[in-house]
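Chains, contacts and geometry: an overview
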Amino acid sequence: MDAPSDTFDLVVLGGGTGGYTAAFRASQLGLRTALVEAGAIGGTCLHRGCIPTKVMLESADLLARMRDAATFGLRAGDVGADMIAIAARRSEIVKRLTGGLLSLVRKNHVELIHGIGRLEGPTSVRVSLDDGHEGGERLLKAVNVILATGSRPRSLPGIEPDGRVVMTSDDIVASDRVPSSLIVVGAGAVGVEFASFYRDLGTEVTLVEYLPSLVPLEDAEVGRTLERSFRRRGITVVTNARLDTASLVANEAGVTVMVDSASGGERRELHAERMLVATGRAANTSGIGLESTDVEVVAGVVKVDPLMRTHEEHVFAIGDMVGGLLLAHAAAHEGIVAVETIAGLAPQPVDYNVMPRATYCRPQIASVGRTEEELKRDGVPYVSGRFPWLGSAKAVIGGDHEGFAKILSSTATDQVLGVHLIGPHVTDLVSEGALALILAADASVLAHTVHPHPSLSEALAEAAMAVSGQSINA
Ligand SMILES: Cc1cc2nc3c(=O)[nH]c(=O)nc-3n(C[C@H](O)[C@H](O)[C@H](O)COP(=O)(O)OP(=O)(O)OC[C@H]3O[C@@H](n4cnc5c(N)ncnc54)[C@H](O)[C@@H]3O)c2cc1C
């Protein structure tokens, strides 16, 4: 018979953003909860993703502003970056936030179990303990289980990152070196963030993307604007590019690789000191005992319904391992929906269309809802309202007025269908767009919402006014 302490209402496997959010909400709802984590609580986001990268990008942003100090009437002298100090600050912030999470574990009375967990049937989790002492095992029994084991970097077939010359994002966030030159393969959010960061620190960056546009999941006009901005900053952008992985030579002298034009044009050789492979993520679905359940894995991710239920009763799955939007706030929201479903609270099903997406390169990108390309593809008549940051007093004061705010609304009903932003602080501004989408608000409601002046937020109202051709300041 199991010891009573091994019996829980809920066992969460994986203590990343999705897992710990689910565990905390479960505890708030009165469920006796265990959280099993093989590494450090906080997962990818805190240790290898959102947080370390945003610390690095914050330094790069500040450096760029300091270089522009004379524009603001300031003498900043000879500014430059100290990557060892940036890396130290990165570690310090990650440590501080990890400490914060551990105190929330205690506050919420969640039992954090350090070790590698594996399902033995739907509601049993065997944990190989990593308690810093003798190890051992615990067999946890639960009424319900939430799987939240996340994802890992995925390379291209034929490219085996060595962590030194050919790197993944995991290697970069542990590095305190600035290469003199860098090839970034993949221009999704992770690729463009690192391209932007290293360029600000003086690296010669070549950004290679197979598709015709940077940030291919974003509205095409945003991708084009980013590409122009990157080129102006001296980043070499190669789109429509097929990397000939068989030609890759990586050694102490650096990386050499051939790139073919995907549309059949010229072939060119790229050379750099280092290469970053940022070509996506693979879900962590193996080695966790799924074969002992009826959980289905389709196209590499765990299949769930919009309440995060798997095909196996009592087993839920959330976060990067289910695909959807591979973002921390998506994982957290999915965790809350899963737990509230378990608790019988009938939450709203997860709707990725109302979830914001944010990319922290310079200029920043943020969006929610559908792109122009998606609306055209689906034959949905829409109107576009666009407001350039040049028309925003606050953006001009801040000296950062590249890009635009764009609102797409239904021709028939005026309902907001998409919000697409590129420019200053847009990752903080996009939440208003998310609220508009979740409330199914009309563009005219956004236009009539009074925004403080001067503020960057005015751009959303101006773009909404532009939907009916009535922007005041553009
Ligand atoms: C470079 C980079 C930058 C990013 N920037 C952002 C950003 O700015 N904003 C954003 O929203 N998202 C960002 N993301 C994405 C974000 O990090 C992920 O979407 C998020 O971490 C997913 O959370 P998760 O809980 O699903 O998985 P994870 O955070 O990956 O956590 C999974 C956890 O499960 C544990 N685990 C796995 N298997 C087992 C097992 N068998 N037993 C016990 N524990 C196990 C792992 O150790 C890990 O801690 C970024 C990602 C990367 C790589």
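See above for the structure.
Summarised in this report is the structure supplied together with it. Small disclaimer: the values here were computed from a predicted structure and weren't measured. Starting from 1, residues in each chain are numbered consecutively following that chain's sequence as written. pLDDT decides what is reported in this predicted model: residues at 70 or higher carry local features, side-chain atom pairs at 80 or more are listed and counted, and totals for whole chains, interfaces and linings draw on all residues regardless. For side-chain calculations, the full set of non-hydrogen atoms in the structure is used, while hydrogens and water are omitted.

**As for the site of the ligand**
Looking at the ligand, there are 38 residues lining it, with Glu37, Thr44, Lys54, Asp320 and Ala328 nearest. Between Thr44 and the ligand, the recorded distance is 2.5 Å, taken from a side-chain N or O atom to an oxygen atom. N or O atoms closer than or at 3.5 Å make up a polar contact, with two conditions inside protein: a donor-capable atom paired with an acceptor-capable one, and, for residues adjacent in sequence, both atoms drawn from side chains. Interatomic distance of 2.8 Å between a side-chain N/O atom of Asp320 and an oxygen atom of the ligand. Where accessible areas are quoted, they stem from the Shrake-Rupley method and a 1.4 Å probe; at the residue level, only the protein chains shown are allowed to cover. Contact with the protein chains hides 91% of the accessible area of the ligand, taken as 1000 Å² for the molecule alone. Those elements that provide at least two residues to the shell around the ligand are helix H1 (17-28), strand S2 (33-37), helix H2 (43-47), helix H3 (50-67), strand S3 (111-119) and helix H8 (328-342). We call a residue near a molecule or strand whenever a single non-hydrogen atom of that residue lies within 4 Å of it. Secondary structure follows DSSP: runs of H or I at least 4 residues long count as helices, runs of E at least 2 residues long count as strands, and numbering of each begins at the N terminus.

**A look at the pattern of salt bridges**
Salt bridges are identified by distance alone: a Lys or Arg side-chain nitrogen within 4 Å of an Asp or Glu carboxyl oxygen. All chains considered together, the criterion is met by 24 salt bridges. Asp219 serves as the salt-bridge partner of Lys406, at 2.8 Å between the closest nitrogen and oxygen. Placement of the pair is Lys406 in strand S22 (residues 404-410) and Asp219 in the loop between strand S9 (204-208) and helix H7 (220-232), with a sequence separation of 187 residues. With respect to burial, Lys406 and Asp219 carry one shared label: buried. Of the charged contacts, one joins Asp244 and Arg267 as a salt bridge, the two residues approaching to 2.9 Å between their closest N and O atoms. Only protein chains enter the area calculation, which uses a 1.4 Å probe; residues under 20% of their type maximum are buried, those over 50% are exposed, and those in between are partly exposed.

**Digging into helix H6 (residues 189-200)**
To estimate the expected span of a helix, subtract one from its residue number and multiply by 1.5 Å. The end-to-end C-alpha distance of H6, which contains 12 residues, comes to 17 Å, matching closely the 16 Å that a straight helix rising 1.5 Å per residue would cover. Of all 12 residues that make up H6, 10 are buried, and the element is covered over most of its length. Within H6, the full set of buried residues consists of Gly191, Val192, Glu193, Phe194, Ala195, Ser196, Phe197, Tyr198, Arg199 and Asp200. Just past H6, the residue Gly202 takes up positive phi, approximately 100°.

**Here's the deal with the layout of surface pockets**
For cavity detection a 1 Å grid was placed over the protein atoms alone, and a set of points counts as a cavity when a 1.4 Å probe fits there but cannot get out; an open set counts as a pocket when protein lies on both sides within 12 Å along at least five of seven lines, with lining residues being those that have an atom within 4 Å of a point. Grid points are joined across faces, edges and corners, and a volume is the space filled by probe spheres set on the points. Quantified by volume, the second largest pocket comes out at close to 920 Å³. In this structure, the second largest pocket is lined by 36 residues; those nearest its centre are Asp61, Arg65, Arg362, Asp400 and His425. Of all the secondary structure elements, the ones that give two or more residues to the lining of the second largest pocket are H3, helix H4 (83-107), H7, helix H10 (393-398) and helix H11 (426-438). The leading source of residues in the lining of the second largest pocket is H3, at 9 residues.

**A look at H7**
Owing to its 3.6 residues per turn, the α-helix brings residues three or four apart onto one side. Look at H7: 19 Å from first C-alpha to last across 13 residues, which is about the 18 Å you get at 1.5 Å a residue. Considered for burial, the residues of H7 that qualify are Glu221, Val222, Gly223, Thr225, Leu226, Glu227, Ser229 and Phe230. Directly beyond the C-terminal end of H7, a positive phi value near 95° is found at Gly234.

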